[in-house]
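Spelled out from the first residue to the last, the chains are:
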Amino acid sequence: NAGVTQTPKFRVLKTGQSMTLLCAQDMNHEYMYWYRQDPGMGLRLIHYSVGEGTTAKGEVPDGYNVSRLKKQNFLLGLESAAPSQTSVYFCASSYMDLNGYTFGSGTRLTVV
Amino acid sequence: DQQVKQNSPSLSVQEGRISILNCDYTNSMFDYFLWYKKYPAEGPTFLISISSIKDKNEDGRFTVFLNKSAKHLSLHIVPSQPGDSAVYFCAASSETSGSRLTFGEGTQLTVNP
């Protein structure tokens, strides 16, 4: 019972490089989310998906793209990384039940 | 604008005493509130929630109080234990936001033995 798995756990990027963060869930959840956590800012929603093939913008979507080609996977892409994207990224999944959010353990990304 | 605010970045209490974590919100459309706990290098985990039709919800050592007129909620932990040391996030949702949550900044709770 893995829950929500994020890959990679750590990454250092140079400014302008691109990368994809992978989130995989094995709970058959319809909804998936990408949040970023920054000191003094809490968790802010980047993008989310309400089902396979759907994506929508959250609170801070600029500089990121997402895809949900398979129900169990939610990918977060950075096309041209910037130092302002240095953060800890959390993926989560849920049914409609708000108590049922399950978070991954996070990806710590540093952009230099 | 920060719709959910946790004004205390940190709180330190003695083991066995009460911990009170506070959260304020500005969006009157919020109707469901949650508390999450986060340990270092782990993702947040759900702790307790409350609907706006209630003013109190209790689960073991954890109680959440909601004051809608003041747009304020608080989490009480009694008695506090060293294992409760973690970052606590307040979160809120509205009917229009569906399953999306708006989080506060978090409060680092340290329970000293």
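These notes cover the structure that comes with them. (Residues numbered from 1 in each chain as written. Chains lettered and ligands numbered in written order. Predicted model: local features only at pLDDT ≥ 70, side-chain atom pairs only at ≥ 80, totals over all residues. Heavy atoms only, no water.)

**Quick word on the overall build of chain A**
Next, step 1: Within chain A, the secondary structure is distributed over 0 helices and 11 strands.
Next, step 2: Along chain A, helices (α) and strands (β) appear in the sequence β-β-β-β-β-β-β-β-β-β-β when read from the amino end.
Next, step 3: Taken against the 2.2 N^0.38 rule, which gives 13 Å for 112 residues, the C-alpha radius of gyration of chain A at 13 Å falls within 12% of a compact globule.
Next, step 4: Viewed in the frame of its principal axes, chain A has a C-alpha envelope of about 35 × 30 × 25 Å.
Next, step 5: Burial analysis of chain A (112 residues in total) assigns 49% to the buried set.
Next, step 6: Sequence-distant contacts in chain A: of pairs separated by 6 or more residues, those separated by 24 or more amount to 54%.
Next, step 7: Of the side chains in chain A, 10 bear a positive and 8 a negative charge, and the two mean positions are spaced by 9 Å. (Helix = DSSP H or I, 4+ residues; strand = E, 2+ residues; numbered from the N terminus. Rg over C-alpha atoms; globule rule 2.2 N^0.38 Å. Buried < 20%, exposed > 50% of the residue type's maximum accessible area, 1.4 Å probe, protein only. Contact = heavy atoms within 4.5 Å. Lys, Arg positive; Asp, Glu negative; His and termini not counted. Charge placed at Lys NZ, Arg CZ, Asp CG, Glu CD.)

**A few points about the sheet that holds strand E7 (residues 65-67) of chain A**
All names here are of chain A.
Next, step 1: With antiparallel pairing, 4 strands are arranged side by side in an open sheet as E1-E3-E8-E7. Each edge of the open sheet is held by one strand with a lone partner, namely strand E1 (4-7) and E7. On average, each strand axis in the sheet is inclined to that of its neighbour by 20 degrees, with strand direction left out of account.
Next, step 2: Strand direction decides the pairing type here: strand E3 (residues 19-25) and strand E8 (residues 73-78), joined by 6 bridges, are antiparallel. Each bridged residue has a counterpart across the sheet, and for Met19 the counterpart in E8 is Leu78. (Pairing = 2+ DSSP bridges. Axes fitted to C-alpha atoms, helices over the stretch in contact; angles between N-to-C directions.)

**Digging into the interface of chain A and chain B**
Next, step 1: If you look at the interface, chain A gives 19 residues, while chain B gives 20 residues.
Next, step 2: Approximately 1,600 Å² of surface area, both sides summed, lies buried where chain A meets chain B, with 62% of it carried by carbon and sulfur atoms.
Next, step 3: Summed over the shared surface of chain A and chain B, the result is 0 salt bridges.
Next, step 4: The interface formed by chain A and chain B holds 5 residue pairs in polar contact (both at pLDDT 80 or more) in total.
Next, step 5: Mapped onto the side of chain A that touches chain B, the elements with two or more residues apiece are strand E4 (31-38), strand E5 (42-49) and strand E9 (87-94) of chain A.
Next, step 6: Looking at side-chain class alone, the side of chain A that touches chain B contains 12 nonpolar, 7 polar and no charged residues. (Buried area = accessible area lost by both parts, 1.4 Å probe. Salt bridge = Lys/Arg side-chain N within 4 Å of Asp/Glu carboxyl O. Polar contact = N/O pair within 3.5 Å; in protein donor to acceptor, adjacent residues only side chain to side chain. Nonpolar A, V, L, I, M, F, W, Y, C, P; charged D, E, K, R; others polar.)

**What to know about the state of the cysteines**
Simply put, disulfide is the name for a covalent bond between the sulfur atoms of two cysteines.
Next, step 1: The final tally for this structure, using the stated rule, is 2 disulfides over all chains.
Next, step 2: With its sulfur 1.9 Å from that of its partner, Cys23(A) forms a disulfide with Cys91(A). For the disulfide bridge between Cys23(A) and Cys91(A), the dihedral angle about the S-S bond is near -75 degrees, and by the sign convention the bridge is left-handed. Of this pair, Cys23(A) sits in strand E3 while Cys91(A) sits in strand E9, and the two are 68 residues apart along the sequence. Grouping residues by exposure puts Cys23(A) and Cys91(A) together as buried.
Next, step 3: Covalently, Cys23(B) is tied to Cys90(B) through a disulfide, its sulfur atoms 2.1 Å apart. Taking the sign of the torsion about the S-S bond as the criterion, the disulfide between Cys23(B) and Cys90(B), at about -75 degrees, is left-handed. Of the two residues, Cys23(B) sits in strand E3 (residues 19-25) while Cys90(B) sits in strand E9 (residues 86-94), which places them 67 residues apart along the sequence.
Next, step 4: Its relative accessible area of 1% is what places Cys23(B) among the buried residues. (Disulfide = S-S within 2.5 Å.)

**Comments concerning a nonpolar patch on the surface**
Residue and element names in this part refer to chain B.
Next, step 1: Nonpolar side chains collect at one region of the surface, where Ile18, Ile20 and Val78 lie side by side and expose about 230 Å² of accessible area between them.
Next, step 2: Among the secondary structure elements, Val78 is positioned in the loop between strand E8 (72-77) and E9.
Next, step 3: Relative accessible area serves as the criterion here: at 42%, Val78 is assigned to the partly exposed category. (Patch = residues over 30% accessible without salt bridge, like charges linked within 9 Å, V, L, I, M, F, W, Y side chains within 5 Å. Areas by Shrake-Rupley, 256 points an atom, 1.4 Å probe, with all protein chains shown as cover.)

**A look at the side chain of Arg44(A)**
Next, step 1: Within the element layout of this structure, Arg44(A) appears in strand E5.
Next, step 2: Sequence-distant contacts of Arg44(A), that is, excluding residues within four places in its chain, are made with Trp34(A), Tyr35(A), Arg36(A), Asp38(A), Glu59(A) and Val60(A).

**Let's talk about the pairing of strand E5 (residues 45-51) of chain B**
All names here are of chain B.
Next, step 1: Relative to E5, strand E4 (residues 30-38) is paired through 6 bridges, and the arrangement is antiparallel. Paired with Tyr32 across the two strands is Ser51, which belongs to E5.
Next, step 2: A loop of 6 residues connects E4 with E5, the two strands running antiparallel in sequence, and Ala41 in this loop sits at a positive phi of about 65 degrees.

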